[in-house]
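Overview (structure and organization)
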Amino acid sequence: MSFRKLKERAKELEEQIKNEVVDNKPIEESTTEKSRKEILLEMKKIGIDRLPYSYSALESFIDKETMYVHYNKHYKGYVDKLNKAIQKRKGSDLDLEQIVKGISRFNNNIRNNAGGAFNHALFWKMLTPKSTRVYGPILRKIKEDFGSYDNFKKEFEKKAKSKFGSGWVWLVITNSDKLKIMTTSNQDNPLMNTIKFGGYPILGLDLWEHAYYLKYRNKRDEYIENFWKVINWPFVNKLFLGRTKDKINEGKFIKEVINEGVSAGCNRKQVNTYRMIFNRNPQVKKKFMYAIMDILKEVFSEYWFEKDEYKKGEMSGVYDFEQSGRSIINKLNTNYTAFCTLVNDINQYLKKVGINPINLVGLDNKQQLDETDRLVRYMTELRYRIFNTESSTFQTVMSGLDRSNKFGDKRELNAVINLKKIFNTKEVFKVGELGGVDDMLGGVDAYVVTPEGDKTMQIKPFNKIEEEDGKITVYGSGNVKPYTVDYLVFHNDRDGTIVFNNNTEIIDGRYVFNSDDRIN
Ligand code: FE2
């Protein structure tokens with residue numbers, strides 16, 4: 001039964017009991033009580049993870065029959081036995097990962113079955129029928145810690161092949177952030193607090209006979225060598241980055257600065273400084289480039305195309321994001337202004353949380369690389385906040401990439417469509433549509449023709465608005481500064497368009513209006 005259904009049933013029962021009391025009917029305590037208990041038990045149960053592909057999908061690695069038996073008999077068996085075992089215990093409504101992490105509190109039966117349930121649930125997701133190759137943050141970390149991908153592969157195979165008896169081979173991240181290959185016996189997992197020098201598993205291979213014997217018989221080595229054909233590297237990257245993210249405090253500060261706050265932007269002097277650093281220390285540029293590419297590839301995965309995929313002869317990158325064709329966001333990886341803006345905005349956050357800001361100025365090459373590593377780390381951790389169309393940092397970076405970028409254009413075009421409805425007229429025009437008047441009007445994005453004359457508007461992005469005591473505060477509006485237009489317009493594609501008379505106060509870097517000045 002799904003969790004939601006269970007909750008609904010629990011609620012129904014509560015109602016039933018209430019009504020029975022109200023109606024003064026005799027309460028059939030035994031049956032009601034029994035159902036309640038059953039529901040509570042059901043809610044505590046560890047669920048079965050769906051197999052994310054068909055039984056025959058991984059045939060280059062494992063046959064259909066083994067997959068079927070492995071999933072339906074072995075894996076489900078672990079989950080069932082685990083559920084039976086934990087139901088007998090009082091107060092053990094923990095999730096599986098918590099049970100595994102605190103396994104020393106449980107007996108061997110639970111240790112084996114919780115491990116079995118957890119290991120296999122992970123294992124299914126670590127495999128995929130799509131052929132993916134190793135890439136991104138995990139590849140770089142492998143190179144860093146093993147010297148090369150080949151070294152890593154050799155060591156992984158060697159450890160797997162020399163594991164005696166039933167168990168698993170794992171790639172883990174240790175507490176000191178190093179990758180390590182290790183094996184565990186039976187159904188133990190490196191996360192278990194009974195495992196010495198364990199770690200956080202990001203890749204694992206089942207070395208039990210039940211996993212390969214039908215197809216490979218005694219040739220376990222061949223099974224191990226074929227594993228590389230079916231590894232789900234995007235998922236491994238996710239585990240790897242997720243682990244990194246776990247460690248930082250994704251508190252409200254980040255939201256304030258990176259997403260809802262005001263981008264610090266970057267001045268000309270700083271841009272020149274970074275240009276010099278990039279030119280004198282190409283390694284800095286390289287590190288930054290690779291990190292940006294990994295982030296774009298992940299965050300904009302729907303828009304990401306590998307070389308020749310979008311069109312023959314086209315480079316890899318983000319396509320069709322703003323409009324059709326190659327996105328200007330691809331310029332980000334070599335752009336000094338973008339680099340500088342990212343450093344400045346991440347520093348705003350670091351200052352707030354009391355971490356030393358990133359600084360590359362006045363350092364030797366090695367120190368600059370260390371600082372770039374920090375930048376890359378925070379940028380990766382904060383990637384979904386930064387590279388989010390509503391974030392002030394993102395908007396500043398995008399407009400820095402191309403003054404007349406299509407991203408801003410699109411937002412304004414969508415806003416104009418709504419403005420026509422709001423003002424109930426077709427005569428709303430985006431400045432620039434007529435050509436060449438942008439500079440003359442300065443700070444005006446659009447205007448509406450009214451009987452009293454043309455009224456000018458500035459169109460800004462926003463995240464959310466909050467109303468309190470007759471005041472409305474607008475969050476996430478990018479570069480907050482005063483304008484001389486008649487209306488301030490806020491638009492995002494999710495919430496739509498809101499128009500205010502331009503009687504604004506700027507408080508803490510946010511536009512604040514009297515509720516009366518809201519037009520729609
Ligand atoms: Fe297994």
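The structure we're discussing is the one just above.
A brief look at the structure comes next. (Residues numbered from 1 in each chain as written. Predicted model: local features only at pLDDT ≥ 70, side-chain atom pairs only at ≥ 80, totals over all residues. Heavy atoms only, no water.)

Here the focus is the coordination of the iron ion. Protein coordination at the iron ion: the donors are H70 (NE2), H120 (NE2), D206 (OD) and H210 (NE2), at 1.9 to 2.2 Å from the metal. Motif for the iron ion, donor spacing along one chain: H-x49-H-x85-D-x3-H. Separated by 86 residues along the polypeptide, H120 in helix α5 (residues 108-126) and D206 in strand β3 (residues 200-206) bring together distant segments of the chain. Its relative accessible area of 0% is what places D206 among the buried residues. (Donors = N, O, S within 2.8 Å, 3.2 Å for Na, K, Ca; no water. Helix = DSSP H or I, 4+ residues; strand = E, 2+ residues; numbered from the N terminus. Buried < 20%, exposed > 50% of the residue type's maximum accessible area, 1.4 Å probe, protein only.)

Those residues of helix α6 (residues 136-146) not exposed but buried are G136, P137, I138, L139, K141, I142 and F146. Just downstream of α6, G147 is the residue with a positive phi angle, here 90 degrees.

Bringing the side chain of T425 into the picture now. Among the structural elements, T425 can be located in the loop between α18 (406-422) and β6 (428-430). For T425, a relative accessible area of 18% translates into the label buried. At 2.8 Å, the side chain of T425 forms a polar contact with the backbone nitrogen of E427. Excluding residues that lie within four positions of it along the chain, T425 makes contacts with K420 and V448. (Polar contact = N/O pair within 3.5 Å; in protein donor to acceptor, adjacent residues only side chain to side chain. Contact = heavy atoms within 4.5 Å.)

Time to look at the packing of aromatic side chains. If you walk through the whole model with that rule in mind, you get 35 aromatic pairs. Relative to Y75, the ring of Y71 has its centre 5.5 Å away and its plane inclined at 35 degrees; by these criteria the two rings are tilted. Taken together, the residues span about one helical turn, with Y71 and Y75 both in helix α3 (residues 64-87) at a distance of four residues. On the accessibility criterion, Y71 (6% relative accessible area) is buried. Judged by its relative accessible area of 1%, Y75 is buried. (Phe/Tyr/Trp six-rings, centres within 6.5 Å; stacked < 30°, edge-to-face > 60°.)

Turning next to the packing of helix α12 (residues 268-280) against helix α14 (residues 336-352). For the pair α12 and α14, interaxial distance at closest approach is 9 Å and the crossing angle is 110 degrees. With respect to each other, α12 and α14 are oriented roughly perpendicular. Taken together, the residues of α14 that come into contact with α12 (itself represented by Q270, V271, Y274, R275, F278 and N279) are Y336, T337, F339, C340, V343 and N344. (Axes fitted to C-alpha atoms, helices over the stretch in contact; angles between N-to-C directions. Parallel < 35°, antiparallel > 145°, perpendicular 65-115°, else oblique.)

Strand order in the open sheet made by the five strands is β6-β7-β8-β11-β12, with mixed pairing throughout. Only two strands of the sheet have a single partner each, and these edge strands are β6 and β12 (496-501). The sheet shows a mean angle of 25 degrees between the axes of neighbouring strands, direction not considered. As defined by bridge partners, β6 adjoins strand β7 (residues 446-450) across three bridges and the pair is classed as antiparallel. Bridge pairing links F429 to Y447 in β7. (Pairing = 2+ DSSP bridges.)

The next thing to look at is the sheet that holds strand β1 (residues 167-173). Across the sheet, which stays open at both edges, the three strands sit in the order β2-β1-β3 with antiparallel pairing between neighbours. Either end of the sheet is taken by a strand with one partner, and the two such strands are β2 (179-185) and β3. Between one strand and the next, the sheet's axes are offset by a mean angle of 25 degrees, whatever the strand orientation. Summarising the sheet, β1 and β2 pair through seven bridges and their orientation is antiparallel. Bridge assignment links W168 to a residue of β2, and that residue is T184. Along the sheet, α6 makes contact with β1, β2 and β3, crossing β2 at roughly 90 degrees. Across the sheet, helix α7 (residues 149-161) touches β1, β2 and β3, and the angle it forms with β1 is around 150 degrees.

One can find E412 in helix α18. Among the residues examined, E412 registers a relative accessible area of 11% and is labelled buried. Sequence spacing of E412 and F490 is 78 residues, and the spatial spacing of their C-alpha atoms is 9.7 Å. In contact with E412, other than residues within four places in its own chain, are K430, D445 and I459.

This part is about the nonpolar core. In this structure, F61, F152, F156, I202, L205, Y223 and W233 are the most contacted members of the largest nonpolar core, which totals 72 residues. The greatest single-element share of this core, amounting to nine residues, is contributed by α5. Ignoring sequence-local partners within four residues, the contact set of L205 consists of F61, F123, F156, G167, W168, V169, Y223, I224 and F227. Core analysis: the second largest hydrophobic core is formed by 41 residues, V284, W304, Y336 and F394 among them. (Core = buried A, V, L, I, M, F, W, Y, C linked by side-chain atoms within 4.5 Å.)

Moving on to the environment of W233. Within the secondary structure, W233 sits in helix α10 (residues 233-247). On a C-alpha basis, the gap between W233 and G136 in space is 9.1 Å, while along the polypeptide they are 97 residues apart. For W233, the contacting residues outside a window of four places in its chain are T132, R133, V134, Y135, I138, Y149, F152 and L203.

As a working rule, side chains carrying opposite charge can pair if their charged atoms are close by. Evaluated as defined, the whole model comprises 20 salt bridges. As a salt-bridge pair, K161 and E225 come within 2.7 Å of each other at their nearest N and O atoms. Here the residue K161 occupies a position in helix α7, and E225 occupies one in helix α9 (residues 220-226), the gap between them amounting to 64 residues. Residues joined in a network through salt bridges with shared partners are K141, D145 and K178. (Salt bridge = Lys/Arg side-chain N within 4 Å of Asp/Glu carboxyl O.)

Purely geometric stuff here, so don't read any function into it on its own.
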